[in-house]
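Tertiary structure, described
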Amino acid sequence: MNQFEKEYYEYDGFWNDEEKSLKNNDEKIEITLSYINKDVNTVLDAACGNGIFTNILQKQRPSIKVVGFDRSEQALKYVKTENFLANIDSIPLENNSFDCVIAHDVIEHLPVITYEKSLIELTRIAKKYIIIGVPYKEKIKENVTQCPVCSSIFNYEMHLRSFDDFKLKTLFTEYGFENIGLESCHKQTYYYGQHLYTKYFHPNIYFKFRSPICPICGYKNKELEVTGMNENVDEKRIQKKSGVVKSAIRSLWPKYSFDYEVVALYKKNGV
């Protein structure tokens, strides 16, 4: 991770809105809680971010020892449980340290070498179970932004890989873990052709710089300090400006829905 990437994850705008974090993760949290079996006494929340799940788990299941870690010092300021600073590809813990290890919204961000090391680390520390939460069948190349300074194009959420059912079911097979649960959530609805429509008729929105900082050249997006990172704000403005005719057309235009995220549960063989 270079200095600019480090600054990206230290952006407080990612971490300081607990209400928004709860709203964006409510279904995922509910599924994850249901996946934590009664034989779990200790949980490690790997790359826990602002502790949105860590804190809820500790509150709802006080009998469980919950520990979180993250590489962002800014994120850990919001974690209310025991926590420490660390990287997911080099976790300073003994083998089989926790009954269950959770890793939400992290492995999709990792470059190849870090990704492979991280899978090994998660399986090394998990005594019984692993729970993973990732975007589901994401079209990464459609969710991009371009730096206005160096022209680098990258996924504005820094996602580097996509996950489908097959990849998730076999994610930890070679490390001795079997997939025993897979549930998608956070259904989203879009109009057919919406992506292309925005690109050609509202290029100011499509090409808008949506990242707090460019991970290549370090250019900082000052606008986010005022507006935040909600990519739907501008599209809502378009809808408000639409007249009666456009609203009528939009009500008849075909739509499609898909689940944005998926939660997967793995159990160690022989447990």
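The shown structure was predicted, so the numbers you read here are calculated from the model rather than taken from an experiment. (Residues numbered from 1 in each chain as written. Predicted model: local features only at pLDDT ≥ 70, side-chain atom pairs only at ≥ 80, totals over all residues. Heavy atoms only, no water.)

Attention now moves to the overall build of the protein. For the protein, the helix and strand inventory stands at 11 helices and 9 strands. Over its C-alpha trace the protein gives a radius of gyration of 20 Å, about what one expects of a compact globule, namely 18 Å for 271 residues. For the protein, the spread of C-alpha atoms along the three principal axes comes to 60 × 40 × 35 Å. Out of the 271 residues in the protein, the part that is buried amounts to 44%. Put simply, the protein has 36 plus and 37 minus side-chain charges, and the middle of one group is 4 Å from the middle of the other. (Helix = DSSP H or I, 4+ residues; strand = E, 2+ residues; numbered from the N terminus. Rg over C-alpha atoms; globule rule 2.2 N^0.38 Å. Buried < 20%, exposed > 50% of the residue type's maximum accessible area, 1.4 Å probe, protein only. Lys, Arg positive; Asp, Glu negative; His and termini not counted. Charge placed at Lys NZ, Arg CZ, Asp CG, Glu CD.)

Strands sit in the order E3-E2-E1-E4-E5-E9-E8 across an open sheet of 7 strands; the sheet is mixed. Since the sheet does not close on itself, it has two edges, and those belong to strand E3 (82–85) and strand E8 (177–191), each with one partner. With direction set aside, neighbouring strand axes in the sheet form an average angle of 15°. Of the pairings in the sheet, the one linking strand E1 (residues 42–46) to strand E4 (residues 98–104) comprises 3 bridges and is parallel in character. Its bridge partner lying in E4, Leu-44 is registered against Val-101. Where helix H3 (residues 52–60) meets the sheet, its contacts fall on E1, strand E2 (65–70) and E4, and the angle it forms with E2 comes to roughly 170°. (Pairing = 2+ DSSP bridges. Axes fitted to C-alpha atoms, helices over the stretch in contact; angles between N-to-C directions. Contact = heavy atoms within 4.5 Å.)

On to a nonpolar patch on the surface, then. A grouping of Leu-196, Tyr-197, Tyr-200 and Phe-201 is seen on the molecular surface, where their side chains present a nonpolar patch of about 490 Å² in accessible area. In this structure, Tyr-200 sits in helix H7 (residues 194–201). (Patch = residues over 30% accessible without salt bridge, like charges linked within 9 Å, V, L, I, M, F, W, Y side chains within 5 Å. Areas by Shrake-Rupley, 256 points an atom, 1.4 Å probe, with all protein chains shown as cover. Salt bridge = Lys/Arg side-chain N within 4 Å of Asp/Glu carboxyl O.)

A word on the packing of aromatic side chains. Summed over the entire model, instances satisfying the criterion amount to 15 aromatic pairs. Ring geometry for Phe-172 and Tyr-266: centres 4.9 Å apart, planes at 85°, overall edge-to-face. Taken together, the positions of Phe-172 in the loop between helix H6 (165–169) and E8 and Tyr-266 in strand E9 (residues 255–268) put the pair 94 residues apart, joining distant regions of the chain. Each member of the pair, Phe-172 as well as Tyr-266, is classed as buried. (Phe/Tyr/Trp six-rings, centres within 6.5 Å; stacked < 30°, edge-to-face > 60°.)

Bringing helix H2 (residues 18–35) into the picture now. Taking the largest bend as the criterion, H2 deviates by roughly 65°, centred on Asn-25. Tucked into the core, H2 has its buried residues touching H3, E4, strand E5 (126–135), E8 and E9. (Bend = angle between axes of the 7 residues up to and from the residue.)

A word on the confidence of the model for the protein. Any region with low pLDDT has predicted coordinates that should not be read closely. Overall, the predicted model of the protein reaches an average pLDDT of 88, with 90% of residues at or above 70. Of the regions scoring below 50 in pLDDT, residues 230–241 engages in 11 contacts with residues more than four places distant in sequence or in other chains. (pLDDT = per-residue confidence, 0-100.)

Moving on, we come to the nonpolar core. What tends to happen in soluble globular proteins is that the nonpolar side chains get buried as a cluster. Formed by 31 residues in total, the largest nonpolar core has its most connected members in Ile-107, Leu-122, Ile-132, Leu-171, Phe-172 and Tyr-266. Put simply, the parts of the chain that give this core at least two residues each are E1, E2, E4, helix H5 (112–125), E5 and E9. Those residues in contact with Leu-122 that lie beyond four places of it in its chain are Ala-46, Ile-88, Val-101, Ala-103, Ile-130, Ile-132 and Phe-172. (Core = buried A, V, L, I, M, F, W, Y, C linked by side-chain atoms within 4.5 Å.)

Right, let's get into the pattern of salt bridges. Here the structure, examined in full by the defined rule, presents 6 salt bridges. Note that Arg-124 and Glu-121 form a salt bridge whose closest N and O atoms lie 2.8 Å from each other. Taken together, the residues span about one helical turn, with Arg-124 and Glu-121 both in helix H5 at a distance of 3 residues. According to the relative accessible area criterion, Glu-121 is buried, its value standing at 10%.

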